[in-house]
Amino acid sequence: MDVRIVDSYDDLSEKAAEIVAAEVKQNRRAVLGLATGSTPEGMYAVLAGYHRDNKIDFSGVTTFNLDEYAGLSREHSQSYYYYMHRHFFDHVNIDPRRINIPESSSEDVVRSCREYEQKIKEAGGIDLQVLGIGVNGHIGFNEPADSLDVYTHLVELAEETIEANSRFFNSRDEVPHQALTMGMGSIMHAAKILLLASGKNKARAIQKTVSGKITTAVPASLLHMHCSCTVIVDREAAALL
Ligand code: GLP
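Please read all numbers here as calculations on a predicted model, not as lab measurements. For every chain, the first residue of the written sequence is number 1, and numbering continues from 1 along that sequence. Local features in this predicted model are restricted to residues whose pLDDT is 70 or higher, and side-chain atom pairs enter the listing and the counts only when it is 80 or higher, whereas totals over whole chains, interfaces and linings include all residues. To obtain the side-chain values, all non-hydrogen atoms of the structure were included, while hydrogens and water were left out.

Q: Please give an account of the overall build of the chain that cites residues and values.
A: Under the DSSP-based scheme used, a helix requires at least four consecutive residues in state H or I and a strand at least two consecutive residues in state E, with every element numbered from the N terminus. A count of helical and extended segments in the chain gives seven helices and 10 strands. The dimensions of the chain, computed from C-alpha atoms along their principal axes, are 45 × 45 × 35 Å. Buried positions account for 54% of the 241 residues belonging to the chain. When the accessible surface of the chain is split by element, carbon and sulfur atoms take 47% of a total near 11,100 Å². Between the centroid of the 24 positive side chains of the chain and the centroid of its 33 negative side chains there is a distance of 5 Å. For every residue, the accessible area obtained with a 1.4 Å probe (protein chains only) is divided by the maximum for its type, and the residue is called buried under 20%, exposed over 50%, and partly exposed between those limits. Here the accessible surface of atoms and residues is derived via Shrake-Rupley with a 1.4 Å probe, and residues count as covered only by protein chains that are part of the display. A residue counts as positive if it is Lys or Arg and as negative if it is Asp or Glu; His and the chain ends are not included. To locate a charge, the coordinates of NZ of Lys, CZ of Arg, CG of Asp or CD of Glu are taken.

Q: Would you mind going over the sheet that holds strand β3 (residues 62–65) in detail, with residue names and values included?
A: Whenever strands of a sheet pair, they do so through backbone hydrogen bonds, lying parallel or antiparallel. We treat two strands as partners when DSSP finds at least two bridges between them. Read from one edge to the other, the open sheet built from seven strands follows the order β1-β10-β9-β6-β2-β3-β5, with strand pairing classed as parallel. Each of the sheet's edge strands pairs with one partner strand only, and the pair in question is β1 (2–6) and β5 (99–100). The sheet contact formed by β1 and strand β10 (residues 229–234) spans five bridges and is parallel. Its bridge partner lying in β10, Asp-2 is registered against Thr-230. Should any heavy atoms of two residues lie within 4.5 Å, those residues are counted as being in contact. Only the contacting stretch of a helix is used when fitting its axis, a line to C-alpha atoms as for every element, and angles between N-to-C directions run 0 to 180 degrees. Lying on the sheet, helix α4 (residues 109–122) is in contact with β3 and β5; it crosses β3 at an angle near 150°.

Q: Lay out the site of the ligand in plain terms, naming residues and giving numbers.
A: Looking at the ligand, there are 15 residues lining it, with Ser-38, Thr-39, Asp-67, Arg-167 and Lys-202 nearest. Contact distances for the ligand include 3.1 Å between an oxygen atom and a side-chain N or O atom of Asn-165. Think of it this way: one heavy atom of a residue within 4 Å of a molecule or strand is enough to make that residue near it. Pairing of N or O atoms within 3.5 Å defines a polar contact, subject to two protein rules: one partner must be a possible hydrogen donor and the other a possible acceptor, and residues neighboring in sequence count only if both atoms are side-chain atoms.

Q: I'd like a description of the pairing of β3, backed by residues and values.
A: Taking every second residue as pointing to the same face, both faces of β3 are buried, with Thr-62 and Phe-64 on one and Thr-63 and Asn-65 on the other. Viewed with both strands pointing away, a crossover whose connecting path from the first strand over the helix to the second turns clockwise is right-handed. Each parallel crossover has a hand, and for strand β2 (residues 31–34) linked through helix α2 (residues 41–52) to β3 it is right-handed.

Q: Can you lay out the packing of aromatic side chains for me, pointing to particular residues and giving the numbers?
A: Stacked, tilted and edge-to-face are the three classes applied to pairs of Phe, Tyr and Trp rings, where Trp contributes its six-membered ring and a pair requires centres within 6.5 Å; stacked means planes under 30 degrees apart, edge-to-face means over 60, and tilted covers the rest. In total, this model carries nine aromatic pairs according to the counting rule given. Relative to Phe-169, the ring of Tyr-69 lies with its centre 5.7 Å away and its plane at 80°, an arrangement referred to as edge-to-face. With Tyr-69 in strand β4 (residues 67–69) and Phe-169 in the loop between α5 (159–165) and β8 (178–181), this pair connects stretches of sequence that are 100 residues apart. Among the residues examined, Phe-169 registers a relative accessible area of 7% and is labelled buried. Here Tyr-80 and Phe-141 contribute two aromatic rings whose centre-to-centre distance is 6.0 Å and whose plane-to-plane angle is 15°, an arrangement assigned as stacked. Taken as a pair, Tyr-80 in helix α3 (residues 80–87) and Phe-141 in the loop between β6 (128–131) and β7 (153–156) lie far apart in primary sequence, 61 residues in all. An aromatic cluster is present here, built from Tyr-44, Phe-58, Tyr-83, Phe-88 and Phe-89 joined pairwise through their rings.

Q: Give a detailed account of the nonpolar core, specifying residues and quantitative values.
A: Met-43, Leu-47, Phe-58, Phe-88 and Leu-223 are the most contacted members of the largest nonpolar core, which totals 59 residues. Per-element tally for this core: the top contributor is helix α1 (residues 9–26), with six residues. Apart from residues lying up to four places away in sequence, Met-43 is in contact with Ser-13, Ala-16, Ala-17, Val-20, Val-130 and Leu-196. In this description, a nonpolar core means a group of buried Ala, Val, Leu, Ile, Met, Phe, Trp, Tyr and Cys residues linked to one another through side-chain atoms lying within 4.5 Å.

Q: Any chance you could break down the pattern of salt bridges for me, citing the residues and the numbers?
A: Salt bridges are identified by distance alone: a Lys or Arg side-chain nitrogen within 4 Å of an Asp or Glu carboxyl oxygen. Inspection of every chain in the model, using the stated rule, returns 10 salt bridges. Among the ionic pairs, Glu-103 bridges to Arg-74, the shortest N-O distance being 3.2 Å. Residue Glu-103 is found in the loop between β5 and α4, and its partner Arg-74 is found in the loop between β4 and α3; the two are separated by 29 residues along the sequence. A residue is classified by how much of its surface remains accessible, and Arg-74, at 33% relative accessible area, is partly exposed. Between Asp-95 and Arg-98 there is a salt bridge, with the nearest N and O atoms lying 4.0 Å from each other. Owing to a relative accessible area of 23%, Arg-98 belongs among the partly exposed residues under this scheme.

Q: Describe in detail the packing of α1 against α2, supporting the description with residues and values.
A: Relative orientation of the contacting elements α1 and α2 amounts to 55°, with a least axis distance of 8 Å. Taken together, the axis directions place α1 and α2 in an arrangement best described as oblique. Viewed along their axes, α1 and α2 form a crossing whose handedness is right-handed. For the pair α1 and α2, the contacting residues are Tyr-9, Ser-13, Glu-14, Ala-16, Ala-17, Glu-18, Val-20 and Ala-21 in the first and Glu-41, Gly-42, Met-43, Val-46, Leu-47 and Tyr-50 in the second. Note on residue categories: nonpolar means Ala, Val, Leu, Ile, Met, Phe, Trp, Tyr, Cys or Pro, charged means Asp, Glu, Lys or Arg, and polar means any other residue, Gly included. Here the contact of α1 with α2 is built from residues that sort into nine nonpolar, two polar and three charged. For classification, angles of less than 35 degrees are called roughly parallel, those exceeding 145 degrees roughly antiparallel, those between 65 and 115 degrees roughly perpendicular, and all remaining angles oblique. By the definition used in this description, the sense in which the near helix is turned from the far one sets the handedness, with an anticlockwise turn below a right angle giving left-handed and a clockwise turn giving right-handed.

So, in structure tokens, the structure goes:
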């Protein structure tokens, strides 16, 4: 795990965007695993800026999002489908046919999860997976538990996650209790991983991830077993390191 501490959120966004851009420049057909949440918003804005300045071409890129709430329509302002279009896809020249986001409204969720995994495989696997981290150490929506799922699956959200994400909704009652998420195996299969964390509310999760033992109680700690994992944290998130 290569941990880099930067001064500010802007620096984190800049560094993360540079890493993603380098991946796409080196391989115009790169397959990117993408994350949502407030943390990568700045990175997406920088990437959109690179595109505006003609510094990067996303036309050959394929994307797979990590997760999606269950029970929210794509048009809902808090769906990750909506988020990704608002913060990134609408601002770059990505081919809509190459965008993949877990399909949570499907009647047959198990099948839709299996198909998602199949699509990742057919795309040749993920070259670079971007991750945020939950206050409880989750990645994607892989919540702390005695055992973790390998592949894309339906998950019950942890209370801490519902609480943390309620800031995006009108009330806590509106936060979905379930989501689809790539599994730990889907994430660990990516050739490279980039984990981002910002702010003091992530300090404990980052301490447990970086300095603690590898445990399913802190899903992000499993990233120690990945051979190419870069962690970029700002000073506040690194406060307990
Ligand atoms: C959500 C997402 C995660 C994200 C995490 C942190 O629950 N499922 O993929 O990394 O929250 O979000 P934020 O960056 O808003 O703190």
